[in-house]
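Spelled out, the chains give:
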Number of protein chains: 2
Amino acid sequence: MNQNEFGKAHTVTQQKPEGSGRPEPRIDIAALGEQLLGTWAQERRTSRDLAGRPEFQRIEGQSMAEHRERVLGQLSLLVDEGAIQRAFPEALGGSNNHGGNIAAFEELVTADPSLQIKAGVQWGLFGSAVLHLGTAGHHEKWLPGIMDLSIPGAFAMTEIGHGSDVASVATTATYVPETDEFEIHTPFRAAWKDYLGNAALHGRAAVVFAQLITRGVNHGVHAFYVPLRDENGFLPGIGGEDDGLKGGLNGIDNGRLHFDHVRIPRINLLNRYGDVDAEGTYTSPIASPGRRFFTMLGTLVQGRVSLDGAAVAASKVALQIAVTYAGQRRQFNATSPVREEVILDYQRHQRRLISRIATTYAMSFAHEELLEKFDGVFSGASDTDEDRQDLETLAAALKPTSTWNALDILQECREACGGAGFITKNRFTSLRADLDVYVTFEGDNNVLLQLVAKRLLTDYAKEFRHLDAGVLARYVVRQAGNVAINRSGLRQLAQTWADTGSEKRSANFLKDAQTQRDLLADRVRTAVAEVADEMRGAAKLPPAEGARVFNEHQHEIIEAARAHGELLLWEAFTAALEEIEDADTRQVMTWVRDLFGLQLIEKDLAWYQMHGRLSSQRARTLGPYINRLLARLRPHAQDLVDAFGYGPEHLRADIASGIEAERQDEAAEYLRRERAKPGAVVDEKILVARRKAAEKAQRHAAKAAAKKGRKVGA
Amino acid sequence: MNQNEFGKAHTVTQQKPEGSGRPEPRIDIAALGEQLLGTWAQERRTSRDLAGRPEFQRIEGQSMAEHRERVLGQLSLLVDEGAIQRAFPEALGGSNNHGGNIAAFEELVTADPSLQIKAGVQWGLFGSAVLHLGTAGHHEKWLPGIMDLSIPGAFAMTEIGHGSDVASVATTATYVPETDEFEIHTPFRAAWKDYLGNAALHGRAAVVFAQLITRGVNHGVHAFYVPLRDENGFLPGIGGEDDGLKGGLNGIDNGRLHFDHVRIPRINLLNRYGDVDAEGTYTSPIASPGRRFFTMLGTLVQGRVSLDGAAVAASKVALQIAVTYAGQRRQFNATSPVREEVILDYQRHQRRLISRIATTYAMSFAHEELLEKFDGVFSGASDTDEDRQDLETLAAALKPTSTWNALDILQECREACGGAGFITKNRFTSLRADLDVYVTFEGDNNVLLQLVAKRLLTDYAKEFRHLDAGVLARYVVRQAGNVAINRSGLRQLAQTWADTGSEKRSANFLKDAQTQRDLLADRVRTAVAEVADEMRGAAKLPPAEGARVFNEHQHEIIEAARAHGELLLWEAFTAALEEIEDADTRQVMTWVRDLFGLQLIEKDLAWYQMHGRLSSQRARTLGPYINRLLARLRPHAQDLVDAFGYGPEHLRADIASGIEAERQDEAAEYLRRERAKPGAVVDEKILVARRKAAEKAQRHAAKAAAKKGRKVGA
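Here the structure is a predicted model, which is why all the values come from computation and not from measurement.

### Description of the interface of chain A and chain B
With 98 residues of chain A at the interface, the matching set in chain B holds 98 residues. Roughly 7900 Å² is buried in total at the junction of chain A and chain B, and carbon and sulfur atoms are behind 55% of that figure. The largest contributions to the chain A side of the interface with chain B come from Arg348(A), Phe422(A) and Glu684(A), which together make up 10% of the buried area. There are 6 salt bridges connecting chain A and chain B.

### Structural notes on the state of the cysteines
Residues and elements named next belong to chain B. Counted according to the given criterion, the structure contains 0 disulfides over all chains. Cys413 takes part in no disulfide bond, and the closest cysteine sulfur to it belongs to Cys417, at a distance of 6.7 Å. Accessibility expressed as a relative area gives 0% for Cys413, which makes it buried.

### A word on the relation of the copies chain A and chain B
Overlaying chain A with chain B gives an RMSD of 0.0 Å, the required rotation being 180 degrees about an axis along which the chain moves by 0.0 Å. Interpreted geometrically, this transformation is the action of a two-fold axis. Taking C-alpha positions as the reference, the residue of chain A nearest the rotation axis is Ala606(A), at 1.9 Å. Taken as a fraction of all interface residues of chain A, those also at the interface in chain B reach 100%, which identifies the copy contact as same-surface.

### Remarks on the nonpolar core
Core analysis: the biggest nonpolar cluster contains 311 residues, and Tyr361(A) and Tyr361(B) have the highest contact counts within it. With residues up to four places along the chain from it excluded, the contact list for Tyr361(B) reads Leu32(B), Leu36(B), Phe573(B), Met589(B), Leu640(B), Ala643(B) and Phe644(B). Counting residues in hydrophobic clusters, the runner-up holds 45 residues, among them Ala83(B), Phe126(B), Phe155(B) and Leu300(B).

### Focus: the environment of Arg414(A)
Tracing the backbone shows Arg414(A) in helix H11 (residues 385–416). A residue is classified by how much of its surface remains accessible, and Arg414(A), at 1% relative accessible area, is buried.

### Some words on the side chain of Gln609(B)
Mapped onto the elements of the fold, Gln609(B) is located in helix H22 (residues 605–610). Among the polar contacts made by the side chain of Gln609(B), one reaches the main-chain carbonyl oxygen of Ala606(A) at a distance of 3.0 Å. Beyond its immediate stretch of four places on either side in the chain, Gln609(B) contacts Ala606(A), Gln609(A), Met610(A), Ser616(A), Leu614(B), Ser616(B) and Ala619(B).

### Observations regarding the pattern of salt bridges
On inspection of all chains with the given rule, the structure shows 102 salt bridges over all chains. Note that Arg523(B) is salt-bridged to Asp604(B), the shortest N-O span being 3.0 Å. Placement of the pair is Arg523(B) in helix H18 (residues 513–536) and Asp604(B) in the loop between helix H21 (583–603) and H22, with a sequence separation of 81 residues. Judged by relative accessible area, Arg523(B) falls into the buried class, the value being 6%. Through salt bridges with shared partners, a single network forms among Arg348(A), Arg523(B), Glu559(B), Arg562(B), Glu566(B), Lys603(B) and Asp604(B).

### Considering the packing of aromatic side chains
Describing an aromatic ring pair means giving the distance of the ring centres and the angle of the ring planes. According to the stated counting rule, one finds 28 aromatic pairs over all chains in the structure shown. Their ring planes at 40 degrees and their centres at 6.1 Å tell us that Tyr361(B) and Phe365(B) sit as a pair that is tilted. Placement of both Tyr361(B) and Phe365(B) in helix H10 (residues 347–379) is noted, with a separation of 4 residues, approximately one turn of the helix. Across the pair, Phe365(B) and Tyr361(B) agree in class, each one buried. Through a chain of ring-to-ring contacts, three or more aromatic side chains come together here, namely Tyr361(A), Phe365(A), Phe573(A) and Phe644(A). Arg48(B) extends its terminal NZ or CZ atom over the ring of Tyr646(B), reaching a point 3.8 Å from the ring centre.

### Observations regarding the layout of surface pockets
Taken as a whole, the second largest pocket holds about 940 Å³ of empty space. Forming the walls of the second largest pocket are 45 residues, and the residues nearest its centre are Arg58(A), Leu245(A), Asn250(A), Arg58(B) and Asn250(B). For the lining of the second largest pocket, the secondary structure elements donating two or more residues are helix H4 (64–80) and helix H13 (428–435) of chain A together with helix H4 (64–80) and helix H13 (428–435) of chain B. Taken together, the residues that form the lining of the second largest pocket break down as 11 nonpolar, 21 polar and 13 charged.

### As for the sheet that holds strand E9 (residues 238–242) of chain A
Residue and element names in this part refer to chain A. One open sheet accounts for 3 strands, arranged E4-E10-E9; its pairing is antiparallel. Here the strands that pair on one side only, and so sit at the sheet edges, are strand E4 (193–196) and E9. Sheet twist, expressed as the mean angle between neighbouring strand axes with direction ignored, is 25 degrees.

### Looking at helix H5 (residues 98–107) of chain A
All names here are of chain A. The buried fraction of H5 amounts to 10 of the 10 residues, a majority that puts the element mostly inside the structure. Within H5, burial applies to His98, Gly99, Gly100, Asn101, Ile102, Ala103, Ala104, Phe105, Glu106 and Glu107. Elements that come into contact with the buried residues of H5 comprise helix H3 (41–51), helix H6 (113–133), helix H9 (302–326) and helix H10 (347–379). The residue sitting at the N-terminus of H5 and contributing the capping side-chain oxygen is Asn97; that oxygen lies 2.8 Å from the backbone nitrogen of Gly100.

### Let's talk about helix H19 (residues 543–552) of chain A
When we look at burial in H19(A), the residues that qualify are Gly546(A), Ala547(A), Val549(A), Phe550(A) and Asn551(A). Check the buried side of H19(A) and you find it contacts helix H14 (445–463), helix H18 (513–536) and helix H20 (554–578) of chain A together with H10 of chain B.

### Describing the confidence of the model for chain A
Residue and element names in this part refer to chain A. Per-chain confidence: chain A averages 90 in pLDDT, with 90% of residues scoring 70 or above. Counting contacts from residues 1–19, a segment whose pLDDT is below 50, to residues more than four positions away or on other chains yields 38 contacts. Across the interfaces of the predicted complex, the ipTM metric reaches 0.92, alongside a pTM of 0.92.

### Observations regarding the environment of Thr440(A)
By the secondary structure assignment, Thr440(A) is in the loop between H13 and H14. Taking the C-alpha atoms as reference points, Thr440(A) and Ile354(A), separated by 86 residues in sequence, lie 27 Å from one another. In contact with Thr440(A), other than residues within four places in its own chain, are Lys399(A), Arg414(B), Glu415(B), Gly418(B) and Gly419(B). For Thr440(A), the side chain forms a polar contact with the side chain of Arg414(B), separated by 3.0 Å.

### A look at empty space enclosed by the protein
Residue and element names in this part refer to chain A. Applying the stated criterion across every chain, the model contains 6 cavities of 30 Å³ or more. Here the largest cavity defines a volume of roughly 220 Å³. Lining the largest cavity we find 22 residues, and of these Ala83, Ile84, Asn101, Phe105 and Trp123 sit closest to its centre. Looking at the lining of the largest cavity, the elements that each hand over two or more residues are H3, H5 and H6. Counting residues per element, the lining of the largest cavity draws most heavily on H6, at 7 residues. Within the lining of the largest cavity, the residues separate by chemical class into 13 nonpolar, 8 polar and 1 charged. Each pocket or cavity is described by its volume, and for the second largest cavity that value is around 120 Å³.

### Concerning the sheet that holds strand E10 (residues 255–259) of chain B
Note: strands within a sheet are paired through backbone hydrogen bonds, in either parallel or antiparallel orientation. Residues and elements named next belong to chain B. The strand order across the open sheet built from 3 strands is E4-E10-E9, with neighbouring strands paired in antiparallel fashion. With partners counted over all chains shown, the strands left at the sheet margins are strand E4 (193–196) and strand E9 (238–242), one partner each. When strand polarity is set aside, the average angle formed by the axes of neighbouring strands in this sheet is 25 degrees. With 5 bridges connecting them, E9 and E10 associate as antiparallel partners. In the strand pairing of E10, Ile238 is matched with Phe259.

Conventions adopted
- Residues numbered from 1 in each chain as written.
- Chains lettered and ligands numbered in written order.
- Predicted model: local features only at pLDDT ≥ 70, side-chain atom pairs only at ≥ 80, totals over all residues.
- Heavy atoms only, no water.
- Contact = heavy atoms within 4.5 Å.
- Buried area = accessible area lost by both parts, 1.4 Å probe.
- Salt bridge = Lys/Arg side-chain N within 4 Å of Asp/Glu carboxyl O.
- Disulfide = S-S within 2.5 Å.
- Buried < 20%, exposed > 50% of the residue type's maximum accessible area, 1.4 Å probe, protein only.
- Least-squares fit on C-alpha atoms with pLDDT ≥ 70 in both.
- Core = buried A, V, L, I, M, F, W, Y, C linked by side-chain atoms within 4.5 Å.
- Helix = DSSP H or I, 4+ residues; strand = E, 2+ residues; numbered from the N terminus.
- Polar contact = N/O pair within 3.5 Å; in protein donor to acceptor, adjacent residues only side chain to side chain.
- Phe/Tyr/Trp six-rings, centres within 6.5 Å; stacked < 30°, edge-to-face > 60°.
- Lys NZ or Arg CZ within 6 Å of the ring centre and 35° of its normal.
- 1 Å grid on protein atoms, 1.4 Å probe; cavity = no way out; pocket = protein on both sides within 12 Å on 5 of 7 lines; lining within 4 Å.
- Points joined across faces, edges and corners; volume = space filled by probe spheres on them.
- Nonpolar A, V, L, I, M, F, W, Y, C, P; charged D, E, K, R; others polar.
- Pairing = 2+ DSSP bridges.
- Axes fitted to C-alpha atoms, helices over the stretch in contact; angles between N-to-C directions.
- pLDDT = per-residue confidence, 0-100.

So this is what it looks like as structure tokens:
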């Protein structure tokens, strides 16, 4: 691939924005690119450099065994490069840089998602559990080996029978005072740990989540450090199976584990939030078992944060490829008999790609806010209970939004490139296959959105004390915090609904940021209020009946949570506009934000009309206005994806190399020369048309002659 | 996998339908299954038997080379089994059974989509082109070798530079009278043939589509039989490349071909619709070059027909697996402290799966109608120009609908099974990867929908003669035919819109079949009329301007074509209800049809409100009514997928084998025994709750005592 070709591959046609006498604004690609890199720009650059090196990149077509071996080797390379130490304590060679660690880590997805996820298993889950759930002795004993990969490890939380419902895992860790040991046991098949990276082959140890039982009391799920294998394979009492081939991520050796009364020393309990002394007495700094459980799980939020960021990175790569191709590819000659249309000039293609550029910007800005929040909590800079709960809710709202969006974007890009998009070396299909599982692991997206919904209901209930909190409380996960529901706009909305003016006035209405915010926020708030209202009546019912009532609104409330996630994206995008200094760039990016906001409103347009938020007259203006925005953004499409900043070493797609433009130019030049030749081939169609015209002329002439003859004869 | 387990895996809870005193109806699974098998039930059964045999099934994890070799071998097995001869003439051992041939062929997708598509390349495209575009001499010379696979061949239509726009392919076939030969030539890189099955390795010959040039005139695209390879590889002047790994279908050796002044005998022109004599004089039974081109391409419609059917089959397999699992899997204990919920009892899960069961039934019934139409045309039973054009339009409308639906269904099923859904052996991910390209090959879905849209516009224009046909004609592909736009309902609609009664009356309104039909048909018709209206003004503009105006409505008109495809599905479903004899089955299937129709209306609910077809009040009742329908259909979900009729040998998924229910039962039994033991482990949560209750009681007692003390003291 030729880097120069890539850089030169596009030319932007200067067009004037509708109704404006000013020259068309141009995006400052470098400045916008810098803004996208965000707070941890340097870490991202360093990691992109690594991801651009062939030794970190996926070799397509490798067998599962070869791919697993290669990715394990890449993890060692990451250690050598000092790429994984950032989040660990300074005493152990780290730099306590939590935001930068995630930023760097998620960029690895462009080299190979298997590398990103296997690194995530080793250092983000296994290592992180020892760091955040263990205490000093554990850190000293195990973190050096975890960091240098001499202890590859698994994160043994999920069981065959329990994925998202971690509180219900069935593996037990029973204290045996006689020997000062815990006995780890898998009582039945559904309690086998499953889908664990590093479990099938490479794991020497695991952090196992199990019900801690001592003195006849189950204190709930705790984490235990359990050695798994030595050089001869599984240790006594431990067994497992290889999960084998998966839909993607086959560079990771996922597998199952089971434990048959396996004994570990008592001190292998990662005891930061719950401890057992030699006599078997349980103590915890957190009195409430529920709160203790969520605190422990909360330390593991970085998995969701990094999936959110990786989904953004993969979306950017896909769009940079597909938009570059769409700006070069020509097909069908609608407007000219001699040159075909560039496919990005078709409205449908703009709908497919430019709308998704807008979504990706929104995802990117929102992820940066999530990362800042995460760094604040994990660095200790702003680490209150409320901060932690907000971080959890934010991650639970954004991870589903971005991972589903990424699958949608990868697929639409693949389809927009036709057959070429299906060829593996053009990247879309493998990225999509790998990212598929992002929507169900680290918290199933539907379950996460339900968590968000419950938070929204709780906040609503707290706001309106007259609401009976009885039923709600049963569905509430956590208690504190505040949520981005905007009420101030409601009054203004009420005024503007009545205003059903001209189409132009409607367009002005729609591009007003406050209108967009009010509509999006009201969508969330009203849906939450409606469900809360329905559930108030269920407060007096027995729990099973309350659950039934909740279930009757499950779809509705999950959709409200989804809309809440989208509102967060819109707000992050709008906040990011404020930071743009270059006026031209801000102008174009404001159109992109409008496009994002209006396509959200268009998606829920039925709702807005059903609830009287938009008149049918106004609703009808939305689609045409979005189409005009797309046409206005068309000349900026290449700049917008170039600002994502990935080079040919990241894109690694033939069709984004400029080769399509070369082929088109070669064909056009050949056809031009052929047409210019004397005695050039003529199309039968043209001959037919000429013949018909000649026949018509002849008939006319004959008629005229006959008429003349009649006249002469008369 | 245990067949008995599979059969016994579910139990249906008998529930009463809302507001009815009658016993809950039960589906007659066998009869419904028979209806789904359709006219060519026997051919489907025979093919399912083959697909159930291990030697025809995909071995996951094979390298591309192994997989290609295996599928080639499977093609030979199909020949041995007499499975591919049906569509060929009786004189050559065939049975002229066109519908049965496609029905059998599409069932192979359950064994391995690569097998289906490679068989489709060999017999459905390559062989079919020789059969339908060639004449007796060609049939005698090549069909026996094509049928017995001694001549594996490629269908060389698509070029790197031209996929959907076949009329623009740039490969030339120039007649050379001196030697009585055609010279096949690829003038530039974009004209290389690409993505051709059998081209990379196995193809001995190809049907090459090229611009036929003789005596200085280009007569448009014709098909030529071109030998490619002998036992030593490519013949002189022919070269090619391997497309390498693809996102799926890696059992097929797709590749590129180019031709450097390759000479073939004149008689290798497949001359049914256009011939050249020894002097170079061109003749054709079809005078119009445009009509000739579409007639030739029309003979190849079976590719689209079979993709439609394969998409239906894959959707059925996926739903049969996912629904079986969803009826056994339990997660979270909302209604009971001791047993978790079956996940199909969650409303969101019903929305995800049961709604897609309804879609799949609609797709299945519509495909059967398409197949009947196809058989009528190809058997000659009803083979007018109008029939052929209707068949084309029907295929162009259904193939995009069903292939996109299949990807959506496969993905939703995969996600609904969580991590287990991502494991290759549970089938979803490989089926989805293979079917991915179905949405862009054999006619890109967006391009096909645009063809449908143009047909709708033409029909509309013919209906309203006052409409200036000038601009329209430029976008019109074919001329005749009639389309399923229902006008009679409009008046009735106008009456019912005004009626904004109670929620119950609204529900009655919504479940009325005529209402559903009127709404769906009006959606299509109005959108077409709106665009036609806009375009009337463009009739006077130069062609480039006319194209621009059309482009400004491209998204809208493609959406109307999509809605038209969905209407066809709804109509096929409704027609199929008439054929159900068993009253219970018809009752349940009517609910399924209502669910399908109402979810279509819900998807376009913004449109119905914008255009005054549904009041906001009525619109609000739609979601809740759909939710009630889902709950009503919940007890029938397993029956509905069992009627699809695939056995464990087709499903081949652990999670549909009954193993999940076994694991759940084992876990429940273990936990029951544990709870019953004396000195059973107690949850800390329960101890905390008891302690709090005790403390409260103590405080109450203390207060009471104090009060009593005060009383006594008083």
